[in-house]
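# Architecture at a glance
Listed below are the residues making up each chain.
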Amino acid sequence: VMAGAVRRLLRRGLGVAAGPPSTRQLREAEEAAPVFQYAGKAAKRKDRVFVWGFSYSGALGIPTFVRPDAGWKKPRRIQPTPYRLETEEKISSAACGYGFTLLASNTRDVTKVWGMGLNKDSQLGFQRSRRDQTKGYEYVLEPSPIPLPLEKPQQTRVLQVSCGRAHSLVLTDREGVFTMGNNSYGQCGRKVVEDEIYSESHLIHQLKEFDSRVVQVVCGQDHSLFRTKKGTVYACGWGADGQTGLGHYNITSVPTKLHGDIAGVNIIQVSSYGDCCLAVSDEGDVFGWGNSEYLQLASVTETTQVNVPRHLPFKIGKVKEAACGGTGNAVLTEEGNVFVWGYGILGKGPNLVETAVPEMIPPSLFGWSDFSPDTRVAHVRCGLSQFAALTNKGELFVWGKNLRGCLGTGRMEDQYFPWRVTVPGEVVDVACGVDHMVSMVRSFT
Amino acid sequence: LNAAPGRPPRKQVRFLPAPAPGGGGAVELVAARVPVLADHPLVRGPRFKKLKIGAGHRLDVKASGVFVLGIGHGNKLLTDLYNCHLTKVYTVGGLFGKATDDFSDTGNLVEKTTFDHITREKLERILAVIQGTNQKALLMYSNIDMKTQEAYELAVKGLIRPMGKSPPIITAVRCLQFELPEFQLEIHCLHETQQYLRKMVHEIGLELKSSAVCTQVRRTRDGVFTVDDALPRTQWNLRSIQEAIRNCQLKVETELEKTLG
């Protein structure tokens, strides 16, 4: 009788039978489910900065690496893989010096340049200490604004920054070049003052007298190079290896124009990091001067110092970009091939230690394959004994001596051929230093 | 197989008694070739009672495509092919907007998301990064010392491959079709399972700030065997199988020689 009652209820539709959900019920449940939106149609890609390498000097800009916030945490001396650095503005240009870093944004706000790391020679300007208002910081642990003496701070934009061993240069679009830091060899472009104390100095020098607007500034170890819009190159600083290219081996304290083989040639790019310099002309020719102890200029001369720019007759095609390191050099041709020469870990395995003639690195090491034949290298950069290459697909390849984890591979061994660095984003630009690197990255979505 | 004409029965020489050419009851021994009774099919029975069939790399119930089988002596070649560690090619179809618990479209729904912000460019960027990280894994699991010259030379030629156990590695990915909400990828991989490929589709959805499920997994190549060599359901008969074995023999031999030396 009970069963009959239940069946009558079911037939009248007052009771609902339980059981596994039918396909129709599943489909209806699915359609009724809420839809979540994580990114809108106009979602923009974010710009981020990643840093890695030796962090104990504060050059990475993350204070908890040097002074941990909890007592039981140990300070992190080395950051072996890319670590995100939070910045207030979008960073358009970065440069790594010998233990310090400069970040610049091309905004019109008052604060345009931030610096972190070593500040013993005021290469980051004067950073007023919060504990004692009369003294300055010797080590800057997080990106701190650098006060530039601009005439019109809300109209001038900073185009580029560059760092050397103990000095730095800031290029603006309408107020010339600002230099700060050590000036014992005149690398800041002002007269050398005997026994000048560089630490906690407020002095930032401004350079405006060039034949046309300066479009690129490059710092070598203790010298500075300026490239103007007309294609001329000026230099000042230490010259004992001939790296100023002015025909003598003395120091120069005022930026002076270079002649030699580049007189009259329209130079489109200059590069230097140690004591050797390279310049690329608009026709794809390479010129070099400076230290040649490591066979960097041995293709034209046997001498170990070249103090006048000389044309390097390489038959490798039209050169688009050059990068000069401490002991090795690299150039990028129009077809996207990378050529290396010099001394040290050049990127062609452990057997190739030195060569005077450029050797090509096979493109298959940069991700070129039959599967993706349009992958090619877009930029090359040099640190003191490392190389970095950026491909057009946004991948970063590094090789060279892995000094204190600066390659960012996660391992501490030297890398003898190009190795991918895993960065969560598309790498737009990279700056290499002695023992750390900074990269500007765009997120994927 | 048993219906095919078998080997002719062995013949032996026996001396059989036969009546002498002269009359009388004398019996002479005459040499004659006579089939051995032990070889007679009725005595011996059917020739093939069991067949040893071995399978190559596993294929899911929900997946389809090339599935390599070895018969009899071919099973030994199967182990050799496994040790070659050749790449397999899959065509994977995906659908944006849904996330399920087993990453395929027949599972229980977990979440629904929008996907109108996804473009082919973004997908290709993600695929490039996947390829990059897997290339690194390829070099790391191959257990070659990175500091040697031979490691550099193998890396230039692209021949570095893990020759032992390793987690799934993807050597190449490419987007074949892209029409929101569906997309199709071609994946070349090593040591993988089909569920890992479905999980990868789900992770691509997550990276693009949406969600994705896998609708189709089809193996188009397993080492040297491609879809052209494979026999469809209609051709599962003795003649086609024998022909297929004959066609593949040369390919398998050359590949084994090249890889294992």
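Residues numbered from 1 in each chain as written. Chains lettered and ligands numbered in written order. Predicted model: local features only at pLDDT ≥ 70, side-chain atom pairs only at ≥ 80, totals over all residues. Heavy atoms only, no water.

A word on the UniProt feature "domain: Pseudouridine synthase II N-terminal" (unreviewed entry) in chain B. The UniProt record marks residues 48-193 of chain B with the feature "domain: Pseudouridine synthase II N-terminal" (unreviewed entry), using the residue numbering of this structure. As annotated, residues 48-193 of chain B comprises 29% helix and 31% strand, and the C-alpha atoms at either end are separated by 35 Å. (UniProt positions renumbered as here; feature names shortened; annotations may be inferred. Helix = DSSP H or I, 4+ residues; strand = E, 2+ residues; numbered from the N terminus.)

Here the focus is the state of the cysteines. Tallied over the entire structure, the rule returns zero disulfides over all chains. Cysteine Cys248(B) is unpaired, with the sulfur of Cys84(B) as its nearest cysteine sulfur at 15 Å. (Disulfide = S-S within 2.5 Å.)

Glancing now at the pairing of strand 14 (residues 233-237) of chain A. Residues and elements named next belong to chain A. Counting buried positions over the five residues of strand 14 gives five, a clear majority of the element. Residues Val-233, Ala-235 and Gly-237 of strand 14 are buried on one face, and the alternating residues Tyr-234 and Cys-236, pointing to the opposite face, are buried as well. With five bridges joining them, strand 13 (residues 223-228) and strand 14 adopt antiparallel strand pairing. What sits directly across from Phe-226, in strand 14, is Tyr-234. Across three bridges, the pairing between strand 14 and strand 15 (residues 252-257) is antiparallel. Bridging across to strand 15, Gly-237 finds its partner in Thr-252. (Buried < 20%, exposed > 50% of the residue type's maximum accessible area, 1.4 Å probe, protein only. Pairing = 2+ DSSP bridges.)

Attention now goes to helix 4 (residues 149-157) of chain B. One turn of the α-helix equals 3.6 residues, which is why residues spaced by three or four share an orientation. Gln149(B), Ala151(B), Tyr152(B) and Ala155(B) are the residues of helix 4 of chain B that are buried. Along the long axis of helix 4 of chain B, the arc covered by the buried residues comes to 160°, so they all point the same way. Exposed residues on helix 4 of chain B whose side chains face more than 90 degrees from its buried face are Glu150(B) and Lys157(B). The secondary structure elements touched by the buried residues of helix 4 of chain B are strand 27 (415-421) of chain A. Note on helix 4 of chain B: the residue one or two positions beyond its end, Gly158(B), has a positive phi of about 80°. (Arc of directions from axis to C-beta. Contact = heavy atoms within 4.5 Å.)

Residues and elements named next belong to chain A. A complete count under the given rule lists 13 aromatic pairs over all chains for this structure. Relative to Trp-238, the ring of Tyr-185 lies with its centre 4.6 Å away and its plane at 45°, an arrangement referred to as tilted. One end of the pair, Tyr-185, is in the loop between strand 10 (177-181) and strand 11 (205-207); the other, Trp-238, is in the loop between strand 14 and strand 15, with 53 residues separating them in the sequence. An aromatic cluster is present here, built from Phe-366, Phe-387, Phe-397 and Trp-399 joined pairwise through their rings. Above the plane of the ring of Trp-419 lies Arg-411, whose end atom (NZ or CZ) is 5.0 Å from the centre. (Phe/Tyr/Trp six-rings, centres within 6.5 Å; stacked < 30°, edge-to-face > 60°. Lys NZ or Arg CZ within 6 Å of the ring centre and 35° of its normal.)

Each partner contributes to the interface: chain A provides 35 residues, whereas chain B provides 35 residues. Across the chain A to chain B interface the summed buried area is about 3400 Å²; carbon plus sulfur atoms make up 63%. Three residues, Phe371(A), Phe444(A) and Thr445(A), lead the burial of chain A against chain B; their summed loss comes to 22% of the area buried on that side. Summed over the shared surface of chain A and chain B, the result is two salt bridges. Residue Arg125(B) is joined to Glu426(A) by a salt bridge in which the shortest nitrogen-to-oxygen separation is 3.4 Å. At the surface where chain A touches chain B, the tally comes to eleven residue pairs in polar contact (both at pLDDT 80 or more). Secondary-structure elements contributing two or more residues to the side of chain A that touches chain B are helix 2 (23-32), strand 1 (35-36) and strand 27 of chain A. (Buried area = accessible area lost by both parts, 1.4 Å probe. Salt bridge = Lys/Arg side-chain N within 4 Å of Asp/Glu carboxyl O. Polar contact = N/O pair within 3.5 Å; in protein donor to acceptor, adjacent residues only side chain to side chain.)

To continue, consider the sheet that holds strand 20 (residues 319-324) of chain A. Residues and elements named next belong to chain A. Read from one edge to the other, the open sheet built from four strands follows the order 20-21-22-23, with strand pairing classed as antiparallel. The open sheet has two edge strands with one neighbour each: strand 20 and strand 23 (354-361). Adjacent strand axes in the sheet meet at a mean angle of 15°, parallel and antiparallel pairs treated alike. Looking at chain direction, strand 21 (residues 328-333) and strand 22 (residues 338-343) are connected through five bridges and run antiparallel. From the neighbouring strand, Leu-332 faces strand 22, where its bridge partner is Val-338. (Axes fitted to C-alpha atoms, helices over the stretch in contact; angles between N-to-C directions.)

Generally speaking, soluble globular proteins have nonpolar side chains that are buried together. Core analysis: the biggest nonpolar cluster contains 26 residues, and Phe96(B), Leu123(B), Leu127(B), Phe183(B), Ile187(B) and Ile204(B) have the highest contact counts within it. Elements that contribute at least two residues to this core include exactly strand 6 (88-96), helix 3 (120-141), strand 9 (169-179), strand 10 (182-190), helix 5 (194-207) and strand 11 (212-222) of chain B. Apart from residues lying up to four places away in sequence, Leu123(B) is in contact with Phe96(B), Cys175(B), Phe178(B), Phe183(B), Ile204(B) and Leu208(B). Among the nonpolar cores identified, the runner-up in size contains 24 residues, and Ala330(A), Leu346(A), Phe397(A) and Trp399(A) belong to it. (Core = buried A, V, L, I, M, F, W, Y, C linked by side-chain atoms within 4.5 Å.)

A few words on the packing of helix 3 of chain B against helix 5 of chain B. Residue and element names in this part refer to chain B. Taken N-terminus to C-terminus, the directions of helix 3 and helix 5 make an angle of 125°; their axes are 10 Å apart at the nearest point. When the axis of helix 3 is compared with that of helix 5, the two are oblique. Helix 3 and helix 5 meet at a crossing whose hand is right-handed. Residues Leu-123, Ile-126, Leu-127 and Ile-130 of helix 3 pack against Met-200, Ile-204 and Glu-207 of helix 5. In terms of residue class, the contact of helix 3 with helix 5 is built from six nonpolar, no polar and one charged. (Parallel < 35°, antiparallel > 145°, perpendicular 65-115°, else oblique. Left-handed = near helix turned anticlockwise from the far one by under 90°. Nonpolar A, V, L, I, M, F, W, Y, C, P; charged D, E, K, R; others polar.)

Here we come to the sheet that holds strand 15 of chain A. All names here are of chain A. Taken in spatial order, the four strands make up an open sheet running 12-13-14-15, and their pairing is antiparallel. The two strands at the open ends of the sheet, each matched to only one other strand, are strand 12 (214-219) and strand 15. Here the average twist between neighbouring strands, direction ignored, is 15°. As defined by bridge partners, strand 12 adjoins strand 13 across five bridges and the pair is classed as antiparallel. The partner of Val-214 across the bridge, within strand 13, is Thr-228.

What follows covers the pattern of salt bridges. Evaluation of the coordinates by the stated rule reveals 26 salt bridges over all chains. Residue Lys251(B) is joined to Asp229(B) by a salt bridge in which the shortest nitrogen-to-oxygen separation is 2.6 Å. Remark: Asp229(B) occurs in the loop between strand 12 (225-226) and helix 6 (238-260) and Lys251(B) occurs in helix 6; sequence separation between them is 22 residues. Judged by relative accessible area, Lys251(B) falls into the partly exposed class, the value being 32%. By sharing partners, the salt bridges in this structure join Arg45(A), Glu426(A), Glu121(B) and Arg125(B) into a single network.

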